[in-house]
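One-letter residues, chain by chain:
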Amino acid sequence: MRCFDSDAHRAHHPRDPIPDAGRLVPPPEVPERAERIRAALDDAGFEVTGPTRRDAPGLRRVHTGAYLRFLEGAHAAWRAATGMPATAEAVPYVRPLRGQPAPAPRHVIARLGWYSHDSDPVLAGTWSAARAAVDLAASAWDAVAAGRCAAAYALCRPPGHHAAADSYAGYCYLNNAAVVAQAWCDQGARVAVLDVDYHHGNGTQQIFYDRDDVLFVSLHADPAHEYPYFLGFAGERGRGAGEGCTRNLPLAPGSDWSAYGPALAAALGEVRAYAPDGLVVSLGVDTALEDGDSFRLVADDFLRIGEAVGGLGRPTVYVQEGGYDLDVLGRNVTNVLLADGR
Ligand SMILES: [Zn+2]
């Protein structure tokens, strides 16, 4: 297992409190998450290197050009319009009315709402950090696709699976997992994305919803009760050519291995039946018991996940998604990677 990491994520460090179920709480998606995972990788003896690819294969096929241009310049445009300092956080708060005329907006306040689907901030360093995370994902893919290793892990921060083709949300700005899948597709491969984050990967689903060259399978908390609320229901199965290539396995919040294990087996069955040339794992570990209102997976359960993924025997790229309990997320990530056994 080759691992890829860099310090570039530190440029994105949200500090302003965020709304969470009626309270304002400190933002949980912080640099210390990646630092804890990196320390656990080192302790476990993994070989960790910096990025080897910086050309972002797949990025411009996954996200629209207009969105990428917006995200790159958003903070500078917002500062120019508001006079706020470089350390301030640009938060979207206005959106168009559904069903009403909505010409593409020009004012940066409107554009922040247009290109997002919740209230994540854009910071001065958001673009550089998100872009660097794509480089790590592409580097891990390159190592696997070129046959230098059977499996690789990218310590991506910010995460990516909530970012859609032209919008950001859920701490995600660029969809690292989708970039890997697209890079593989552009080589003629069939790809499966297995998303085991606690939250549904609504961005990844949207990006590939109409396509049959990417299978998207997700285990997550039932969106009737959990973020992202609007997507991730079992009835969403793809559209057009993509009919049948999306599979959602929602579980009740608070589920433990007795429910998770069979759902994981079903998800792996879908992957096996699709017989992909490459597998991308959106590795969220916010399914941990310690992660607050979540599932109740314990340390050994993450070993079981890694063992099951490794058992598929497919070339695999793991991409880091969520996981917020600083005391256990490093252990849980390394448990998955160690048990994969490659
Ligand atoms: Zn999550």
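What counts and what doesn't
- Residues numbered from 1 in each chain as written.
- Predicted model: local features only at pLDDT ≥ 70, side-chain atom pairs only at ≥ 80, totals over all residues.
- Heavy atoms only, no water.
- Helix = DSSP H or I, 4+ residues; strand = E, 2+ residues; numbered from the N terminus.
- Rg over C-alpha atoms; globule rule 2.2 N^0.38 Å.
- Buried < 20%, exposed > 50% of the residue type's maximum accessible area, 1.4 Å probe, protein only.
- Contact = heavy atoms within 4.5 Å.
- Lys, Arg positive; Asp, Glu negative; His and termini not counted.
- Charge placed at Lys NZ, Arg CZ, Asp CG, Glu CD.
- Salt bridge = Lys/Arg side-chain N within 4 Å of Asp/Glu carboxyl O.
- Donors = N, O, S within 2.8 Å, 3.2 Å for Na, K, Ca; no water.
- Expected span 1.5 Å × (residues − 1).
- pLDDT = per-residue confidence, 0-100.
- Polar contact = N/O pair within 3.5 Å; in protein donor to acceptor, adjacent residues only side chain to side chain.
- Pairing = 2+ DSSP bridges.
- Axes fitted to C-alpha atoms, helices over the stretch in contact; angles between N-to-C directions.
- Parallel < 35°, antiparallel > 145°, perpendicular 65-115°, else oblique.
- Left-handed = near helix turned anticlockwise from the far one by under 90°.
- Nonpolar A, V, L, I, M, F, W, Y, C, P; charged D, E, K, R; others polar.
- Core = buried A, V, L, I, M, F, W, Y, C linked by side-chain atoms within 4.5 Å.

Side note on the overall build of the protein
And step 1. Along the protein, the regular secondary structure elements total 10 helices and 10 strands.
And step 2. Since a compact globule built from 342 residues should have a radius of gyration of about 20 Å, the 19 Å found for the protein is in line with a globular shape.
And step 3. Projected onto its principal axes, the C-alpha positions of the protein cover 55 × 45 × 40 Å.
And step 4. Across the 342 residues that make up the protein, the buried fraction comes to 58%.
And step 5. Across the protein, the fraction of contacts at a sequence separation of at least 24, relative to all contacts at a separation of at least 6, is 76%.
And step 6. Charge centroids of the protein, computed over 31 positive and 42 negative side chains, lie 6 Å from each other.

Some remarks on the side chain of S294
And step 1. Tracing the backbone through its elements, the reader meets S294 in the loop between β9 (278-283) and α9 (299-312).
And step 2. S294 gets classed as buried once you look at its relative accessible area, which sits at 5%.
And step 3. Setting aside chain neighbours within four positions, we find S294 in contact with Y198, P253, G254, D286, T287 and A288.

Points about the pattern of salt bridges
And step 1. Tallying each qualifying case throughout the model produces 20 salt bridges.
And step 2. Salt-bridge contacts for R61 lead to D186; the nearest nitrogen and oxygen are separated by 2.7 Å. Taken together, the residues R61 in helix α2 (residues 59-62) and D186 in the loop between α6 (176-185) and β6 (191-195) connect sequence positions 125 residues apart.
And step 3. A salt bridge links E290 to R331; its shortest N-O distance comes to 4.0 Å. Of this pair, E290 sits in the loop between β9 and α9 while R331 sits in helix α10 (residues 329-340), placing them 41 residues apart in sequence.
And step 4. On the accessibility criterion, R331 (34% relative accessible area) is partly exposed.
And step 5. Sharing partners across several salt bridges, the network here consists of R53, D55, D142 and R148.

Quick word on the coordination of the zinc ion
And step 1. At the metal site, the zinc ion is ligated by D197 (OD), H199 (ND1) and D286 (OD), and these contacts range over 2.0 to 2.1 Å.
And step 2. Within one chain, the residues donating to the zinc ion are spaced in sequence as D-x1-H-x86-D. Placement of D197 in the loop between β6 and α7 (202-208) and of D286 in the loop between β9 and α9 is noted, with a sequence separation of 89 residues between them. In this structure, D197 and D286 share a single accessibility class: buried.

A look at helix α8 (residues 257-274)
And step 1. Across its 18 residues, α8 extends 25 Å between first and last C-alpha, which sits within 8% of the 26 Å expected from 1.5 Å per residue.
And step 2. The set of residues buried in α8 consists of Y260, G261, A263, L264, A267, L268, V271 and Y274.
And step 3. Check the buried side of α8 and you find it contacts β6, β7 (214-221), β8 (246-251), β9 and α9.
And step 4. At the C-terminal side of α8, A275 shows a positive phi close to 50°.

Points about the confidence of the model for the protein
And step 1. Taken as a whole, the protein shows an average pLDDT of 97; of its residues, 100% reach a score of 70 or greater.
And step 2. Looking at the elements of the protein, mean pLDDT is at its lowest for strand β2 (residues 18-20), recorded as 90, and at its highest for β6, recorded as 99.

Considerations on the side chain of S255
And step 1. Looking at where S255 falls in the secondary structure, it is placed in the loop between β8 and α8.
And step 2. On the basis of relative accessible area, S255 is assigned to the buried category, the value being 9%.
And step 3. Among the polar contacts listed, one links the side chain of S255 to the backbone oxygen of A252, at a separation of 2.5 Å.
And step 4. The contact partners of S255, leaving out residues within four places of it in the chain, are F295 and R296.

Some thoughts on the pairing of β8
And step 1. Within β8, five of the six residues are buried, leaving the element largely enclosed by the surrounding structure.
And step 2. When β7 meets β8, the two strands line up parallel, connected through six bridges. Residue pairing across strands places A221 opposite L251, the latter belonging to β8.

Examining the packing of α8 against α9
Describing two packed helices takes the angle between their axes plus the distance from one axis to the other.
And step 1. Two elements in contact, α8 and α9, have axes separated by 11 Å at closest approach and are oriented at 15°. Considering the angle they form, α8 stands roughly parallel to α9. Taken as a pair, α8 and α9 cross one another with a handedness that is right-handed. Between α8 and α9, the contacting residues are W257, Y260, L264, L268, V271 and R272 on the first element and D301, R304, I305, A308 and L312 on the second.
And step 2. Classifying every residue of the contact of α8 with α9 by side-chain character gives eight nonpolar, no polar and three charged.

Overview of the nonpolar core
And step 1. In this structure, L71, L174, W184 and V280 are the most contacted members of the largest nonpolar core, which totals 53 residues.
And step 2. The greatest single-element share of this core, amounting to 10 residues, is contributed by helix α5 (residues 126-145).
And step 3. Contacts of W184, omitting those with residues within four sequence positions, involve W141, V144, A145, A189, V191, G278, L279, V280, P315, T316 and V317.
And step 4. The next biggest cluster of nonpolar side chains, apart from the first, holds 45 residues, and it includes A192, Y260, L297 and L337.

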